[in-house]
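# Structural description and commentary
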Amino acid sequence: MLALLLALAALLLQSQPTERWDWQPALAWQQPWRWWSAAAVHWSAHHLQMNLAGAVLLAWLGWRAALGWRASAAWALAWPVTQLGLLLQPALAHYGGLSGVLHAGLAVLAVQLLRRPGRERWLGGLIAGGLLLKIATEQPWAGPLRQVPGWDFALAPAAHLSGALAGLLCGLLLTRRDTARPA
């Protein structure tokens, strides 16, 4: 349901002026709604499509893994914490998009699966490893934005790192070991 909420928010804000809703570190404390609304802002139709596809995939993975309300609560808490982490990258004057929050959801999923037995633990390890590899190759320490050939928007690797860390922290705090579903 949270993935659906994120997708709907992104679709609703697509026709709105981005400067009113995007993440701007200079306005973080005066306009705290940006901690949530920034995830719904997208710089182009391609940017929106990429993130909606990610939301659909994450929703499907969460459904298949039978994640419970604790995982949803962890992901919901990680949503504003993801934006808050962007304060560590002050050169990123504007940010918008679901990708940071999607990275948070993926980290929550990995934490949940790593706490389960058998093949689900292996899958959680693969997801966590893939997430770490992706973030490392994006080099979030090397600057605020990355241009990707063929894309009409720039990536903000710090948002991906911030989201993954927020999801990891919230996932560890709010999920429990005894959440394994029967085989």
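Look up a bit, the structure's there.
Just so it is clear, the model here is predicted, and its values are computed rather than measured.

### Some details on the nonpolar core
The biggest cluster of nonpolar side chains holds 27 residues, and the ones touching the most others in it are L6 and W75. Residue assignment for this core shows that the elements contributing at least two residues are helix 1 (2–13), helix 3 (45–64), helix 4 (69–85), helix 5 (99–114) and helix 7 (157–174). Every residue in contact with W75, bar those within four places of it in the chain, is listed here: L2, A3, L6, L58, V101, L102, A104, G105 and V108. Among the nonpolar cores identified, the runner-up in size contains ten residues, and W23, L92, A156 and A159 belong to it.

### Overview of the pattern of salt bridges
Tallied over the entire structure, the rule returns three salt bridges. Across the pair D22 and R34 runs a salt bridge, and its minimum N-O distance is 3.2 Å. Taken as a pair, D22 in the loop between helix 1 and helix 2 (34–37) and R34 in helix 2 lie far apart in primary sequence, twelve residues in all. Summarising the burial analysis for this pair, D22 and R34 share the class buried.

### So, helix 5
Its 16 residues give helix 5 an end-to-end C-alpha distance of 22 Å, which sits within 8% of 22 Å, the value for a rise of 1.5 Å per residue. With 14 of 16 residues buried, helix 5 is to be regarded as a mostly interior element.

### Here we look at the packing of aromatic side chains
Following the criterion strictly, the structure yields three aromatic pairs and no others. Between W29 and W35, the aromatic rings sit 5.1 Å apart at their centres with planes inclined by 80°, giving edge-to-face as the arrangement. Seen in terms of ring centroids, W35 and W36 are 6.3 Å apart; in terms of plane orientation they differ by 20°. Their pairing is stacked. Owing to a relative accessible area of 14%, W35 belongs among the buried residues under this scheme. Residue W36 is classed as partly exposed on the basis of its relative accessible area, which comes to 39%. Put simply, the rings of W29, W35 and W36 touch in pairs and so form one group of aromatic residues.

### Comments concerning the environment of V81
Its place among the elements puts V81 in helix 4. Considering only alpha carbons, one finds V81 and W122, 41 residues apart in sequence, at a separation of 28 Å. Apart from the residues within four sequence positions on either side, V81 is in contact with S162 and A166.

### Here's the deal with unusual backbone geometry
Positioned with a positive phi, A66 is a non-glycine residue whose angle comes to about 55°. With respect to the helices and strands, A66 occurs in the loop between helix 3 and helix 4. With a phi angle near 50°, Q139 is a residue other than glycine that sits in the positive phi range. Here Q139 lies in the loop between helix 6 (118–138) and strand 1 (146–147). Of the residues examined, Q139 reaches a relative accessible area of 38% and is grouped as partly exposed.

How each quantity is defined
- Residues numbered from 1 in each chain as written.
- Predicted model: local features only at pLDDT ≥ 70, side-chain atom pairs only at ≥ 80, totals over all residues.
- Heavy atoms only, no water.
- Core = buried A, V, L, I, M, F, W, Y, C linked by side-chain atoms within 4.5 Å.
- Buried < 20%, exposed > 50% of the residue type's maximum accessible area, 1.4 Å probe, protein only.
- Helix = DSSP H or I, 4+ residues; strand = E, 2+ residues; numbered from the N terminus.
- Contact = heavy atoms within 4.5 Å.
- Salt bridge = Lys/Arg side-chain N within 4 Å of Asp/Glu carboxyl O.
- Expected span 1.5 Å × (residues − 1).
- Phe/Tyr/Trp six-rings, centres within 6.5 Å; stacked < 30°, edge-to-face > 60°.

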